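Results of the structural survey
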Amino acid sequence: MLKKLVRTLPVVLLCLAFALPVAAKGITLRSADTHDKNYPTVQAVLYMGKLLDQWTDGRIKIKVFSGRQLGEEKATIEQTIAGVIDLDRVNLAPLNGFIPETAIPALPYIFRSTEHMHKVMDGEIGQEILAAMAPHGLIGLAFYDSGARSFYNSKRPIKSPADMVGMKIRVQNSDLFVATIEALGAKATPMEFGQVYEALKTGVIDGAENNWPSYESTRHFEVAKYYSLDQHSMSPEVLVMSKRSWDRLSKDDQALVRKAAIESVAVMRDLWNQRVEKSKKVVMAAGNDVIEDIDKQPFIDAMGPVYDRFANTPELKRMVKRIQAVQ
Ligand code: GTR
């Protein structure tokens, strides 16, 4: 008996040495966001972290690095694919270049309304787009709202595409957005989000495009007074996880992470609606020229080449049709 114990002891000790740290070790997922701490996307991921913490008695936590602490979106996406960052909250636009399916919901005027966008992204098409990310090293967890993007600039009110001719407009890192601007007769300048304020201020660019909360939170409204609500894109935000980090989780933990992400969506939408109202008030109080009476038809009519170029396979063309058919 004693002999047997002596023989097996080293094995038992070895097992304990490896098993204990694994069992006791907590998981902290590092999450990136370009926005500051109070922005709805950041708050939503913090909420998701709170859920995971509660559900696992503190074993799984999320640490959110807001305000570009881990870099601009292009860099954080690369690091997320590499497994250096675990979670990344970005817009679909910077994914357009290497995940063609993500370009479809970013197409100009593809959605008729927020309700239409929710129905599509919450349904089977949204699931297909999230699933299309896995072969590219990203696990799509959930879509967040991003309102509608509209043009703002420091030169003049934009009421029709003719007003944009020759204007230098900053866009995200996305050929789809470059093509959209060019189809309207303006010059597109891809640039990281964090550089836009300075570029507007110094006149390197004349304008940019974004939703109410981003126009306000970045203080771009101080240096680009004309905001024209043409609402050309409703490209949603997305929360992705590094496939490398995902594969390190047990199946049960994967299910928890997915569930927490999905539960954070309703919270995000609430915060989003509140933030839009707040941002409108701030911008209006600053006396900006907000142009609401815009005939969108000439903008819509100019988008044919953009659809042809990015919905360029039978599947993607069908996805456009399927989105349009959602009532
Ligand atoms: C914001 C979006 C960011 C980023 C930014 C931009 O609306 O939330 O993820 O895409 O726009 O224009 O770069």
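Here the structure is a predicted model, which means the values were calculated and not measured.

Procedures and definitions
- Residues numbered from 1 in each chain as written.
- Predicted model: local features only at pLDDT ≥ 70, side-chain atom pairs only at ≥ 80, totals over all residues.
- Heavy atoms only, no water.
- Domains from an automatic or database assignment.
- Contact = heavy atoms within 4.5 Å.
- Buried area = accessible area lost by both parts, 1.4 Å probe.
- Near = heavy atom within 4 Å.
- Polar contact = N/O pair within 3.5 Å; in protein donor to acceptor, adjacent residues only side chain to side chain.
- Areas by Shrake-Rupley, 256 points an atom, 1.4 Å probe, with all protein chains shown as cover.
- Pairing = 2+ DSSP bridges.
- Helix = DSSP H or I, 4+ residues; strand = E, 2+ residues; numbered from the N terminus.
- Axes fitted to C-alpha atoms, helices over the stretch in contact; angles between N-to-C directions.
- Buried < 20%, exposed > 50% of the residue type's maximum accessible area, 1.4 Å probe, protein only.
- Arc of directions from axis to C-beta.
- Core = buried A, V, L, I, M, F, W, Y, C linked by side-chain atoms within 4.5 Å.

Topic: the domain arrangement of the protein
Each assigned domain of the protein is listed with its residue range as follows: domain 1 (2-146 + 235-277) and domain 2 (149-234 + 279-325). Once you take the C-alpha centre of each, domain 1 and domain 2 turn out to be 28 Å apart. The interface is formed by 39 residues belonging to domain 1 together with 39 residues belonging to domain 2. Buried area between domain 1 and domain 2, summed over both chains or domains, comes out near 3400 Å², and the portion from carbon and sulfur atoms is 61%. Sorting the residues of domain 1 by area buried against domain 2 places I104, P108 and Y109 first, and these three jointly supply 22% of that buried surface.

Comments concerning the site of the ligand
As a matter of local geometry, the ligand sits amid 13 residues, with H35, E73, Q172, N210 and E237 nearest to it. The side chain of Q172 places a nitrogen or oxygen atom 2.5 Å from an oxygen atom of the ligand. Between the ligand and E237, the relevant distance is 2.5 Å, taken from an oxygen atom to a side-chain nitrogen or oxygen of the residue. For the ligand, whose accessible area on its own is 320 Å², the fraction buried by protein is 99%. When residues of the shell around the ligand are assigned to domains, at least three map to each of domain 1 (2-146 + 235-277) and domain 2 (149-234 + 279-325).

Let's talk about the sheet that holds strand β1 (residues 27-33)
The strand order across the open sheet formed by 5 strands is β2-β1-β3-β10-β4, and the pairing between neighbours is mixed. Looking at strand neighbours, the two that pair on one side only are β2 (60-65) and β4 (138-144), the edges of this open sheet. Recorded for the sheet is a direction-independent mean angle of 25 degrees between the axes of neighbouring strands. Looking at chain direction, β4 and strand β10 (residues 237-242) are connected through 6 bridges and run antiparallel. Residue pairing for β10: Y144 is matched across the bridge by E237. Helix α5 (residues 124-131) contacts β4 and β10 of the sheet and is inclined by roughly 145 degrees relative to β4. Lying over the sheet, helix α11 (residues 251-285) contacts β1, β2, β4 and β10, oriented at roughly 25 degrees with respect to β4.

Regarding the side chain of T34
Mapping T34 onto the fold places it in the loop between β1 and α2 (40-55). The class of T34 is buried, set by a relative accessible area of 6%. Only 3.0 Å separates the side chain of T34 from the side chain of R68, close enough to count as a polar contact. Setting aside residues no more than four positions away along its own chain, T34 makes contact with G67, R68, E72, E73, R89 and F193.

Details of the environment of R68
Position of R68 among the secondary structure elements: in the loop between β2 and α3 (73-82). When its relative accessible area of 29% is taken as the criterion, R68 is described as partly exposed. Discounting residues that sit within four places of it in the chain, R68 has contacts with D33, T34, F193 and G194.

Quick word on α3
For α3, the complete set of buried residues consists of E73, T76, I77 and T80. Angularly, the buried residues of α3 cover 105 degrees about the axis, an arc narrow enough to put them on a single face. Contacts from the buried residues of α3 go to β1, β3 (87-91), β4 and β10.

Looking at the nonpolar core
One recurring pattern in soluble globular proteins: nonpolar side chains tend to sit buried together. In terms of nonpolar packing, the biggest core is built from 54 residues, with L95, I104, L107, M133 and V238 touching the most fellow members. Shared between two domains, this core holds at least three residues of each, these being domain 1 (2-146 + 235-277) and domain 2 (149-234 + 279-325). Beyond its immediate stretch of four places on either side in the chain, L95 contacts I77, V90, T102, M133, L138 and V238. Counting residues in hydrophobic clusters, the runner-up holds 43 residues, among them V42, Y152, M191 and L239.

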